[in-house]
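Coordinate analysis (summary)
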Amino acid sequence: MAGNMGFIAELEQGDQELNSFIVLDRQGVALKDRAKKGKLAGLKVGVKSNISVDGLMVSAASKTLENHIGSYDAFVVKRIKGEGGSIAGMTNMDEFACGSSGETSFYGGTGNPSAPGRIPGGSSSGSAASVASGLVDVSIGSDTGGSIRNPASHCGVVGYKPTYGVVSRYGLLDLAMSLDQIGPLARNVKSCALLLDVIAGHDPRDETSIDLDKGFYNFSGNLDPKLKDKKLGYAREFDSLIQDKGIRRVIHKAIDRLSSVGAEIIELSLPNLKIALPTYYLNVYVEFFSATRKYDGRRYGHRIEEVCGEEVLRRILIGSYITQKEYSGRYYRKALQARSVLRRELMDALKEVDVLVGPAVPKLPHKIGTRIEDPMVMYAYDIFTVLANLAGIPAGVVPAGETDHIPTGLQVMGKPLQDQKVLNVMYGFEQY
Ligand code: GLN
């Protein structure tokens, strides 16, 4: 336990300005039952504040849960401890994972170590920033509509959202359970795959968890960088939806790099991409509203509506409205239909290729302190990431370049359960 104090003190020092952690495990509570040996031995791990760790505050960065101490380990946390990982604490995030900038945390925003003065992205802001700054080796985040991939892109690290059902959600506070997945963030694809080896696996306590052959789970061992003759799809709609010229340049350069090493780039079309954001948000409003009904003040101390921030309240109010019988047909049923249309379109596109490649975010991270009044402007960050959640497919982001010293990531999306293929393309891209 004493050993922990050294590294935690150092972390505390390093995190003073960054604010990437809400809780540092000063008492070494999470180290008690850590295995001596294993795949993560010697590695420091950050855990997003919406994932349960026994004995640490699981606040989801909300005042609502300021008194909530985890009473058990999430599936992924148990696995991390079982493989010798040293959990350093609970990382900062947007309140209840609602956001794309890290600014809605009750505990204050997180900095971006790779682009000082800018937001780190969100909602897994602290998980990405703590990895980018080197405070920890790897982190765990959650991704409902891009919350791992968006901050990975803005902070210049690797982030990965697995196929829905590959990682257990047991112990994750829901944002929208039909979209949520837990996933790894790391400084390179190999470490990202290694953490995925550890956290992926069947869990009967999560009804959506998939049971797969053992061989499926050896992502790091099966990494293969070969890109020659790989068919990579690029949707022609991407270009006009990228708002920043610099990002367009980085993404095109990345595509050129991929093709120069023998990958075949296939242009295809996703004509319904423009309905992805409204489809995603309508689904999220309804599911989030239902997920928050348990925070009524009886069990967790505060009634959520009384203490939450503006974005969380907006989602609860709109969710409640849409959930009413007379409106659910008009909005929610339509959103579910739109979701199947998008899923079908994406699956059809993927049939032609090995994976899709493209941007992760349409614009550069804004300056900290810029007031964004219109929620649509914030939602716009998610245009390229929500697709993978709506369809349940695997998607990862790998650093691709910089614009004015601000990182931008390349996103790779694959067919359901082809997680290895997605990681391989990311790995191959990273080598060249
Ligand atoms: N920015 C998206 C939202 O606010 C994604 C959040 C997430 O993936 N947790 O819903």
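Heads up: these notes are all about the structure in this document. (Residues numbered from 1 in each chain as written. Predicted model: local features only at pLDDT ≥ 70, side-chain atom pairs only at ≥ 80, totals over all residues. Heavy atoms only, no water.)

The subject of this paragraph is the overall build of the protein chain. The helix and strand inventory of the protein chain stands at 15 helices and 11 strands. For the protein chain, the C-alpha radius of gyration of 20 Å lies close to 22 Å, the compact-globule estimate for 432 residues. Its C-alpha atoms put the protein chain at 55 × 55 × 45 Å along the principal axes. When each of the 432 residues of the protein chain is scored for burial, the buried share is 59%. A separation threshold of at least 6 residues defines the contact pool for the protein chain, and within that pool the share at least 24 residues apart is 75%. (Helix = DSSP H or I, 4+ residues; strand = E, 2+ residues; numbered from the N terminus. Rg over C-alpha atoms; globule rule 2.2 N^0.38 Å. Buried < 20%, exposed > 50% of the residue type's maximum accessible area, 1.4 Å probe, protein only. Contact = heavy atoms within 4.5 Å.)

What follows deals with the environment of Pro359. With respect to the helices, strands and loops of the structure, Pro359 is situated in strand β9 (residues 355-359). Here Pro359 falls in the buried class, since its relative accessible area comes to 2%. Sequence separation between Pro359 and Thr403 is 44 residues; the distance between their C-alpha atoms is 14 Å. The contacts of Pro359, once residues within four sequence positions are left out, are Tyr234, Phe238, Ile242, Ile251, Phe384 and Gln411.

Let's shift gears to unusual backbone geometry. Of note, the amide linkage connecting Gly122 to Ser123 takes the cis form, showing an omega dihedral of 10 degrees. Examined against the element boundaries, Ser123 turns out to sit in the loop between β3 (86-91) and α3 (125-132). Not every positive phi belongs to a glycine, and Leu417 is a case in point at roughly 70 degrees. Mapped onto the secondary structure, Leu417 falls in the loop between β11 (406-413) and α15 (419-431).

Another aspect to go through is the site of the ligand. Around the ligand, the surrounding shell holds 15 residues, and the nearest of these are Thr144, Gly145, Ser147, Tyr280 and Arg315. Side-chain polar atom of Tyr280 to an oxygen atom of the ligand: 2.6 Å apart, as the coordinates give it. For the shell around the ligand, a count of residues per class yields 5 nonpolar, 7 polar and 3 charged. (Near = heavy atom within 4 Å. Polar contact = N/O pair within 3.5 Å; in protein donor to acceptor, adjacent residues only side chain to side chain. Nonpolar A, V, L, I, M, F, W, Y, C, P; charged D, E, K, R; others polar.)

Now for helix α10 (residues 310-323). Given a rise of 1.5 Å per residue, 14 residues ought to cover 20 Å, and the 20 Å separating the end C-alpha atoms of α10 matches this to within 8%. When α10 is considered as a whole, its buried residues turn out to be Glu311, Val312, Arg315, Ile316, Gly319 and Ile322. Taken end-on, α10 shows its buried residues confined to a sector of 140 degrees, consistent with a single buried face. Opposite its buried face, α10 presents the exposed residues Glu310 and Leu317, each directed more than 90 degrees away. Looking at the buried positions of α10, the neighbouring elements they touch are α8 (276-291), α9 (304-307), α11 (325-328), α12 (332-351) and α13 (375-379). (Expected span 1.5 Å × (residues − 1). Arc of directions from axis to C-beta.)

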